[in-house]
Protein chains: 2
Amino acid sequence: MNICIYAFLAGITSLLGSGVYTAAYPLHDVSSIFVRLLYEEWANYSVFYKYQPIGLVRKYFGEKIGLYFAWLGLYTQMLIPASLVGVIVFLYGCATVDDNIPSMEICHPRNNITMCPLCDRVCSYWKLSTACGTARASHLFDNPATVFFSIFMALWAAMFMEHWKRRQMRLNYEWDLTGFEDEEVSNNKTDHPRAEYEFKVMQKSLRKRQKSQDKIEKLTFQDRLPAYMTNIVMMLLMIGVTFAIVFGVILYRISTKAALHMSSSLITRNHVQLTVKTTAAIINLVVILILDEVYGAVARWLTVLEAPKTDKSFEERLIFKTFILKFVNAFAPIIYIAFFRGRLVGRPGSYLYVFDSYRMEECAHGGCLMELCIQLSITMLGKQLIQNNLFEIGIPKLKKLIRYIRSKQGAFQEEERQKKLTRYETDHFLEPFGGLTPEYMEMIHIVHICFHLPHFFSLSLMSEPLSLLQAFVISFTSDFIPRMVYQYMYSPDGSMHGFVNHTLSYFNVSHFQDGKEPMDPSHFGYPVVICRYKDYREPPWSNTPYELSKEFWAVLAVRLAFVIVFQNVVMLMNDIVDWLIPDIPKDISLQIHKEKILLVELFMKEEQGKSYIIDSSTSTDGKENCSKHNNNSKVAPPRSRRHTNSTKSF
Amino acid sequence: MNICIYAFLAGITSLLGSGVYTAAYPLHDVSSIFVRLLYEEWANYSVFYKYQPIGLVRKYFGEKIGLYFAWLGLYTQMLIPASLVGVIVFLYGCATVDDNIPSMEICHPRNNITMCPLCDRVCSYWKLSTACGTARASHLFDNPATVFFSIFMALWAAMFMEHWKRRQMRLNYEWDLTGFEDEEVSNNKTDHPRAEYEFKVMQKSLRKRQKSQDKIEKLTFQDRLPAYMTNIVMMLLMIGVTFAIVFGVILYRISTKAALHMSSSLITRNHVQLTVKTTAAIINLVVILILDEVYGAVARWLTVLEAPKTDKSFEERLIFKTFILKFVNAFAPIIYIAFFRGRLVGRPGSYLYVFDSYRMEECAHGGCLMELCIQLSITMLGKQLIQNNLFEIGIPKLKKLIRYIRSKQGAFQEEERQKKLTRYETDHFLEPFGGLTPEYMEMIHIVHICFHLPHFFSLSLMSEPLSLLQAFVISFTSDFIPRMVYQYMYSPDGSMHGFVNHTLSYFNVSHFQDGKEPMDPSHFGYPVVICRYKDYREPPWSNTPYELSKEFWAVLAVRLAFVIVFQNVVMLMNDIVDWLIPDIPKDISLQIHKEKILLVELFMKEEQGKSYIIDSSTSTDGKENCSKHNNNSKVAPPRSRRHTNSTKSF
């Protein structure tokens, strides 16, 4: 009977693939009650404080979507403590902004340091005190509490992973996804060859029929080679496109900045930074959104081209490609800001030029961490808002509207007839479930990866590169390490006084290359001889002027040491959390254990019963056995029994 | 029936614990054949090239010892490629020793650099060319191939772990250790309270009888608190003892060196280094051997004091303590040499003194890696040889001899009677199996840890700190990084010429502290003005004399960067190996899968059969079911069925 159902399902899948039927769905016998219940208890803003009725969601949408919403629920729940700590850290930053010595030094009118120009010729020298606002703002993002917060978040991620493992274990148990069923389903349904695959095999055998009479049953590596090559080339190309676009945005920023500085309008010149940053952020966001869609389509196309044998394999390959492409797309600009912006500038007198004319851009004086945070929030918030509203609410509504208009055109009696239709008939007129919306897709990918690719790409595996990335962001993007180094190695009185002066190198303006010096050398009413720039380099009067100074190497060494310490502390914490919180909840493991014992007892009974039957040729024992078994199942129904029931009632 | 056996076993264990019986062992029905087979096929040097008859070993000694020898077999097997690569690396070192520019520069008589004295007053200046031999020897241990070898060994370790997982999986499957049986045994036998624990509970209930009439059934945390406190204090004390002894050996070396330098005999003075190193190494080895025994005893005593409830818990706690203590004992001197020796020296004119009079020791000019290798090989080889011969062959033989002498004294008729005894009676006169010998104990610990403490202390968890340690050894103990830095950052012609000069700082002898300068300043026939020492410090003529130079910080930064790269590459390699080699061998996983399907089918049949029985009240179907089941089990006997059989035949 089981076999029949699977054969039927497999057949339906093939037929769907071949386009014979347009849709297929099992009959929900109580679907309308489900829908009402789900609406009342779940898909409603007024019940946001309640736990999700995951059981209902699973019964209506299936295990995959059920697990996904369970994941989302846990994630949202776990975000509450994280956001609380985040707010506290932010408030700490706000409270200490007035006591922050570096920003006080920058803002103090007495320490009016003359800085080297930010662009060639058209820009002039500027006073550090004009960066006062930026310096104060950057303290909010870059203070000791931020470092604490990042360690906290690493711990939070480890805790989240552990809790998710437990939740998943519980759901798997409650939904009977462990053990036999899982195995069996994967064997019969998911392992069934896809229609596309069978089509390709058929094509191949048709092509070869002339040569040999053997029936061809599978695609060899050679058959797939063109598809694989296309895959590799396209993936590299797509990643190349991402990098090219990031570079393009950089060029846009540099060139627009240069152009705006040359503008004759004073208002334009005063708002250069604001204009450039805003437009660049918008361009970045739009590009990411468009590429996300393009990459999703490309990944699907490439996977279809590959013609994987089973649905499971198709899903895995699709997820892998989509993940890589979207990851690169989302993180390339962020990694550029975190690690390359402001580091490839060169120095006054020897700037680094792109296309021989555009100087690479620097970070604002407060460090790159603030810019990173701004970029991150624009990307994330923008994506969230636009993708949520446009793709999840807008486009489905639009499609519904179009359908509605079409059905209107299909005359009135059509509508009348529709009223008399049963539930499953009206269901047919709903939008087909063409996969989840892109925003959720992403999360689903991550959840999926947890389920399906444990050895290849699991999140706990991801924790290694992610902890490394986090360590690098804190140590190289924030000013935390330079401040520490100054305070404990260079400060004459152990305080932060003098830190700003320490981070600024000297430049003799007579060393400007010809044609690069600012046009008005006496901008402040007096000729500037020495200007300052943010870097650790030797002063002009040393034996090796403008070489990287000893401070540079000391700060670099401490930064790298911090990376090693941070990464290993985070990994150690992960291991400790992993050890402290058992993967399987205590009650579940007890239950599983009980069921195993019952199963063994059942077998023993069965063996005994058999010999008894053979000996006496009566069926009394068989009945007794059966009734005992039923008694047992009241206490804790053994897995396999429940499985048998569920397949029967299917 | 099952229950009876377990109850009997549990009873025997309790009685053994209380000292009623002196020994208990199951009757081996074919033990003498086993012994002969094992001797012929296994415990014999002439069959070293054969695979081990693990099945036999397991049948005679049990699963634990069987798994241990399987582990040892795989380890030995895997060591073959490792040692081959090791030999090649060593040969590469030998072949390139004459082309090694740094040692050529040291040995060249023209570059005769005057070095600062190695000890205060009594030592004089010395010529770098006298370190020629050491420099050439250290090239064997410290060349680019060594770095390759260490990466290879990290990969090797990952491969070994994966292969062991597979081997273990296969053995577990073949020996029926997976699934039900394992679970059941652990529930009934190993989870039974130990006699010592029951005794303590009894004592407690006796003590409390006056106060209340309730029966006390377990020890609370409060009851165990004194034992826990003792544990913590003793563990810290033991670790403290290890550190104290390491420090003691350092003091011995420093003071002996100073004393020998002052000796009037020229021969003594010429062989200072050799004498000190040899004696110190022997002291170290003896101390490690003695402490190993002491720590083993202490760990056992502490675990007995804790009175864990079950044998399994006892074993786990014992292993944990023994592992920590022995690990610290073996690694403390090695870590000292790798990371602290030669780094706490200070500099000429401002040396670091212990107890105000002894200067800390330096590494030989070739770097500390050679000394580390020597120390490691002395410790490992010495331990292997002495522990193997003394504890594994010597002491058992001695004990046997004593028994033999005693039994001789027990008169001739005793011996005559013994001849008539059956196998199990003579077995009683063998040495009781009081645990494995210490040397094997260590390996067993590691294997054990793989089995029993996967979440707490598994070897794959250990791979993180070990890869970090390895990265630090290569980057800080070897001269690999300084050589790279010189070649790519400082060398005028991109070659290694000038490296030796680059690593030596200058010292003006007039800056010696009073009373610390050498007694004969014109040792070489001319007064020395400037001497050199191995460090990256500013020369006396700089603005900041003897401060750490820019080169120091640059080398440090590169070293730390190397640590980050190395650790992450090794972890990535581990992940890739883990992904490439499936944990469960293909044939086993297929087999397990088949069995699961059979099990499900069996259940389905059973359910059908039952309804059939109930419906028709005949037993035909039951018989058919049974015979079918037996047919199936020829192809692949389902796990649980085999289990039932094995428990029955027990």
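Quick caveat: nothing in here was measured; it's all calculated off a predicted structure.

## Description of the overall build of chain A
Okay, so step 1: Scanning chain A for helices and strands turns up 25 helices and eight strands.
Okay, so step 2: Of all 650 residues assigned to chain A, the portion counted as buried reaches 43%.
Okay, so step 3: At a minimum sequence separation of 6, the contacts of chain A that also span at least 24 residues come to 74%.
Okay, so step 4: Summed over all atoms, the accessible surface of chain A reaches about 35,100 Å², with 64% contributed by carbon and sulfur.

## Topic: the UniProt feature "transmembrane region" (unreviewed entry) in chain A
Residues and elements named next belong to chain A.
Okay, so step 1: The feature "transmembrane region" (unreviewed entry), as annotated in UniProt, sits at residues 68-94, 145-164, 232-254, 274-298 and 318-339 in this numbering.
Okay, so step 2: What you have in residues 145-164 is 100% helix and 0% strand, and the ends, taken at the C-alpha atoms, are 28 Å apart.
Okay, so step 3: In residues 318-339, the share of helix is 100% and the share of strand is 0%. The end C-alpha atoms are 30 Å apart.

## Notes on the pattern of salt bridges
Okay, so step 1: This model, assessed by the stated rule, comprises 21 salt bridges over all chains.
Okay, so step 2: Between R170 of chain A and D587 of chain A there is a salt bridge whose closest N-O contact spans 3.1 Å. Separated by 417 residues along the polypeptide, R170 of chain A in helix α7 (residues 144-174) and D587 of chain A in helix α23 (residues 586-616) bring together distant segments of the chain.
Okay, so step 3: A relative accessible area of 28% places R170 of chain A in the partly exposed class.
Okay, so step 4: With relative accessibility at 42%, the residue D587 of chain A sits in the partly exposed group.
Okay, so step 5: Across the pair E538 of chain A and K550 of chain B runs a salt bridge whose closest N-O atoms are separated by 3.7 Å. Taken as a pair, E538 of chain A in the loop between β8 (530-534) and α22 (550-580) and K550 of chain B in helix α22 (residues 550-580) lie in two separate chains rather than in one.

## Brief notes about the state of the cysteines
Residues and elements named next belong to chain A.
Okay, so step 1: Under the criterion given, the structure shown has four disulfides over all chains.
Okay, so step 2: In this model C107 forms its disulfide with C132; the gap between the sulfur atoms is 1.9 Å. An S-S torsion of about 95° defines the bridge between C107 and C132 as right-handed. With C107 in helix α5 (residues 101-107) and C132 in helix α6 (residues 132-141), this residue pair connects regions lying 25 residues apart in the sequence.
Okay, so step 3: Bridging C116 to C531, the disulfide has an S-S length of 1.9 Å. When the S-S torsion is 90°, as for the bridge of C116 with C531, the disulfide is right-handed. One end of the pair, C116, is in the loop between β1 (114-115) and β2 (126-127); the other, C531, is in strand β8, with 415 residues separating them in the sequence. With respect to burial, C116 and C531 carry one shared label: buried.

## Comments concerning α7 of chain A
Residue and element names in this part refer to chain A.
Okay, so step 1: Between its first and last C-alpha atoms α7 spans 45 Å; for 31 residues at 1.5 Å apiece the expected length is 45 Å, and the two agree.
Okay, so step 2: Sitting at the amino-terminal end of α7 is N143, which places a side-chain oxygen 2.8 Å from the backbone nitrogen of A145.
Okay, so step 3: Just downstream of α7 lies D176, where phi reads positive at about 65°.

## What about the packing of α22 of chain A against α22 of chain B?
Okay, so step 1: It is the contact of α22 of chain A with α22 of chain B, at a shortest axis distance of 8 Å, that shows an interaxial angle of 25°. Overall, the two elements α22 of chain A and α22 of chain B adopt an arrangement that is roughly parallel. In the packing of α22 of chain A onto α22 of chain B, the handedness of the crossing is left-handed. Note on element contacts: α22 of chain B touches α22 of chain A through K550, W553, A554, L556, A557, L560, A561, V563, I564, Q567, N568 and M571 of chain B, opposite K550, W553, A554, L556, A557, L560, A561, V563, I564, Q567, N568 and M571 of chain A.

## Considering the side chain of T303 of chain A
Residue and element names in this part refer to chain A.
Okay, so step 1: Note that T303 resides in helix α12 (residues 272-306).
Okay, so step 2: Given a relative accessible area of 0%, T303 falls into the buried group.
Okay, so step 3: Filtering out sequence-adjacent residues up to four positions away, T303 remains in contact with P308, F314, R317, L318 and K321.

## Some points on the packing of aromatic side chains
Residue and element names in this part refer to chain B.
Okay, so step 1: Under the criterion given, the structure shown has 30 aromatic pairs over all chains.
Okay, so step 2: Seen from their ring centres, W156 and F160 are 5.7 Å apart, and the 5° between their planes marks the pair as stacked. With a gap of four residues between them, W156 and F160 both fall in helix α7 (residues 144-174), about one helical turn apart.
Okay, so step 3: The class of F160 is buried, set by a relative accessible area of 6%.
Okay, so step 4: Measuring from ring centre to ring centre gives 5.3 Å for F507 and Y546, while their planes differ by 40°; the resulting arrangement is tilted. Of this pair, F507 sits in strand β7 (residues 504-508) while Y546 sits in the loop between β8 (530-534) and α22, and the two are 39 residues apart along the sequence.

## Regarding the environment of H261 of chain A
Residues and elements named next belong to chain A.
Okay, so step 1: One can find H261 in helix α10 (residues 221-261).
Okay, so step 2: What makes H261 partly exposed here is its relative accessible area of 21%.
Okay, so step 3: For H261, the contacting residues outside a window of four places in its chain are C119, V122, C123, R269 and V272.

## Some points on the environment of L236 of chain B
All names here are of chain B.
Okay, so step 1: Its location among the elements puts L236 in helix α10 (residues 221-261).
Okay, so step 2: Relative accessible area serves as the criterion here: at 58%, L236 is assigned to the exposed category.
Okay, so step 3: Distance in space between the C-alpha atoms of L236 and L128 is 44 Å, their sequence separation being 108 residues.

## Remarks on the confidence of the model for chain A
Residue and element names in this part refer to chain A.
Okay, so step 1: For chain A, per-residue confidence averages 74 on the pLDDT scale, and 72% of positions sit at 70 or higher.
Okay, so step 2: Long-range and interchain partners of residues 1-29, a stretch whose pLDDT sits below 50, account for 35 contacts in this model, where long-range means more than four residues apart.
Okay, so step 3: With a pTM of 0.77, the predicted complex shows an ipTM of 0.76.

## Focus on the pairing of strand β7 (residues 504-508) of chain A
All names here are of chain A.
Okay, so step 1: Most of β7 is tucked away, with four of its five residues classed as buried.
Okay, so step 2: Here β7 pairs with β8 via five bridges, running antiparallel. Paired with N508 across the bridge in β8 is I530.

## Concerning the nonpolar core
Across soluble globular proteins, you tend to see nonpolar side chains buried next to one another.
Okay, so step 1: Ranked by internal contacts, the top residues of the largest apolar core, which has 74 residues, are L372, L560 and F562 of chain A together with L372, L560 and F562 of chain B.
Okay, so step 2: The residues contacting L560 of chain A, other than those within four sequence positions of it, are F476 of chain A together with A557, L560, A561 and I564 of chain B.

## Observations concerning the packing of helix α12 (residues 272-306) of chain B against helix α13 (residues 311-340) of chain B
Packed helix pairs are specified by the crossing angle of their axes together with the interaxial distance, meaning the distance between the axes.
All names here are of chain B.
Okay, so step 1: Closest axis-to-axis distance for the α12/α13 pair is 9 Å, and the angle between their directions is 160°. The angle between α12 and α13 falls in the class roughly antiparallel. Seen from above, α12 lies across α13 with right-handed handedness. Where α12 approaches α13, its residues N284, I288, L291, D292, Y295, G296, A299, R300, L302, T303, V304 and E306 are matched on the opposing element by F314, R317, L318, K321, T322, L325, K326, N329 and P333.
Okay, so step 2: Grouping the constituent residues of the contact of α12 with α13 by class yields ten nonpolar, five polar and six charged.

## Comments concerning a nonpolar patch on the surface
Okay, so step 1: On the surface, L381, L385, I386, L390 and I395 of chain A cluster together to form a nonpolar patch covering roughly 430 Å² of accessible area.
Okay, so step 2: Residue position: I395 of chain A is located in helix α14 (residues 368-409).

Rules of the game
- Residues numbered from 1 in each chain as written.
- Chains lettered and ligands numbered in written order.
- Predicted model: local features only at pLDDT ≥ 70, side-chain atom pairs only at ≥ 80, totals over all residues.
- Heavy atoms only, no water.
- Helix = DSSP H or I, 4+ residues; strand = E, 2+ residues; numbered from the N terminus.
- Buried < 20%, exposed > 50% of the residue type's maximum accessible area, 1.4 Å probe, protein only.
- Contact = heavy atoms within 4.5 Å.
- Areas by Shrake-Rupley, 256 points an atom, 1.4 Å probe, with all protein chains shown as cover.
- UniProt positions renumbered as here; feature names shortened; annotations may be inferred.
- Salt bridge = Lys/Arg side-chain N within 4 Å of Asp/Glu carboxyl O.
- Disulfide = S-S within 2.5 Å.
- Expected span 1.5 Å × (residues − 1).
- Polar contact = N/O pair within 3.5 Å; in protein donor to acceptor, adjacent residues only side chain to side chain.
- Axes fitted to C-alpha atoms, helices over the stretch in contact; angles between N-to-C directions.
- Parallel < 35°, antiparallel > 145°, perpendicular 65-115°, else oblique.
- Left-handed = near helix turned anticlockwise from the far one by under 90°.
- Phe/Tyr/Trp six-rings, centres within 6.5 Å; stacked < 30°, edge-to-face > 60°.
- pLDDT = per-residue confidence, 0-100.
- Pairing = 2+ DSSP bridges.
- Core = buried A, V, L, I, M, F, W, Y, C linked by side-chain atoms within 4.5 Å.
- Nonpolar A, V, L, I, M, F, W, Y, C, P; charged D, E, K, R; others polar.
- Patch = residues over 30% accessible without salt bridge, like charges linked within 9 Å, V, L, I, M, F, W, Y side chains within 5 Å.

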